[in-house]
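Here is how the chains run, residue by residue.
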Amino acid sequence: MTWSDIKYFTPDEFKCKCGCGLMNIDMELVKKLDRIRSVMQSPMAINSACRCMAHNQKVGGLPDSAHLTGKAADIGIEGSVYRFLFLRLAFTMFRRIKIYKTFVHVDVDETKPSPVCAVG
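All of the points below concern the structure found in this document. Owing to the predicted nature of the structure, the values given are computational and were not obtained by experimental measurement.

Cut-offs used in this document
- Per chain, residues are indexed from 1 in the order of the written sequence.
- For a predicted model such as this one, the threshold for reporting local features is a pLDDT of at least 70, and the threshold for listing and counting side-chain atom pairs is 80 or more; totals across whole chains, interfaces and linings nevertheless cover every residue.
- Just so you know, side-chain values use all the structure's heavy atoms and leave hydrogens and water out.
- Every definition here rests on a 1 Å grid over the protein atoms only: cavities are sets of points where a 1.4 Å probe fits but cannot get out, pockets are open sets enclosed by protein on both sides within 12 Å along at least five of seven lines, and lining residues have some atom within 4 Å of a point.
- Grid points are joined across faces, edges and corners, and a volume is the space filled by probe spheres set on the points.
- Each helix corresponds to a stretch of at least 4 residues labelled H or I by DSSP, and each strand to a stretch of at least 2 residues labelled E; elements are numbered beginning at the N terminus.
- Under the scheme applied, nonpolar residues are Ala, Val, Leu, Ile, Met, Phe, Trp, Tyr, Cys and Pro; charged residues are Asp, Glu, Lys and Arg; polar residues are all the others, including Gly.
- Take the number of residues in a helix, subtract one, and multiply by 1.5 Å to get its expected span.
- Only protein chains enter the accessibility calculation, which uses a 1.4 Å probe; a residue is then buried when its area is under 20% of its type maximum, exposed when over 50%, and partly exposed in between.
- Only heavy atoms enter the contact rule, under which two residues are in contact if any of them lie within 4.5 Å.
- Within 3.5 Å is the distance limit for a polar contact, defined as a pair of N or O atoms, with the added protein rule that one can donate a hydrogen and the other accept it, and that residues adjacent in sequence qualify only through two side-chain atoms.

Once rolled over the atoms, a probe with the size of a water molecule shows which space is left empty. Here the largest pocket is characterised by a volume of approximately 440 Å³. Around the largest pocket, the lining comprises 20 residues; the ones closest to its centre are Leu62, Ser65, Lys98, Tyr100 and His105. At the level of elements, strand 3 (96-99), strand 4 (104-107) and strand 5 (116-119) are the ones that each hand at least two residues to the lining of the largest pocket. For the lining of the largest pocket, the element with the highest residue contribution is strand 3, accounting for three residues. Across the lining of the largest pocket, the residue classes break down as eight nonpolar, five polar and seven charged. In this structure, the second largest pocket encloses a volume near 200 Å³. For the second largest pocket, the lining is made up of 14 residues, of which Arg95, Asp107, Val108, Asp109 and Glu110 are closest to its centre. Across the lining of the second largest pocket, the residue classes break down as three nonpolar, one polar and 10 charged.

This part takes up helix 1 (residues 27-40). For helix 1, spanning 14 residues, the distance from its first C-alpha to its last is 20 Å, which sits close to the expected 20 Å at 1.5 Å a residue. Among all positions of helix 1, only Met27, Leu29, Val30, Lys32, Leu33, Asp34, Ile36, Arg37 and Met40 are buried. On the buried face of helix 1, the contacting elements are strand 1 (45-48), strand 2 (72-76), helix 3 (80-93) and strand 4. In this structure Asp26 caps helix 1, since a side-chain oxygen of it lies 2.8 Å from the backbone nitrogen of Glu28. Positive phi appears at Gln41, one or two residues downstream of helix 1, with a value of about 55°.

This brings us to helix 3. Compared with the 20 Å implied by 1.5 Å per residue over 14 residues, the 20 Å span of helix 3 between its first and last C-alpha is a close match. In this structure, the buried side of helix 3 is in contact with helix 1, strand 2, strand 3 and strand 4.

Listed below in C-alpha cells is the structure:
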C-alpha cells in the first residue's frame with residue numbers, strides 16, 4: 001500500500017506536530033482511517049499521529065505510546081452523530097480504541113493488550 005492508494009489523507013497530516021518532520025506512520029492505520037472516512041463522507045481531523053519522543057513528552061504521552069512508532073492516531077470528529085458513526089466503524093477495524101471528550105484514539109500496535117476500549 002502506498003500513498004497513491006489513499007484518497008482522503010496526505011502524509012503531512014500524520015507528521016509530528018512539533019515540526020521536526022517525523023513521519024513514520026503505519027500504512028495499515030492510514031488505510032483503515034481512509035476506509036472509515038470514505039463511508040462517513042465527513043471530514044476527520046488528524047489531531048495527532050506520529051510523535052517524536054520530545055513532543056510525546058511535551059503533550060503528556062505515555063513513554064511507550066503507539067504514537068512513537070507511528071501506529072496510533074487521535075481523530076477529532078465534530079458532533080455526536082459523526083462521533084457515533086466513527087466509533088461504529090472503528091469497532092469493526094480496530095482492536096484498540098480510547099474515547100476522549102474531544103477526540104478518539106485508535107491504534108494498530110500489536111505489542112499492546114487488545115481488545116481494549118477505554119475512556120480518557
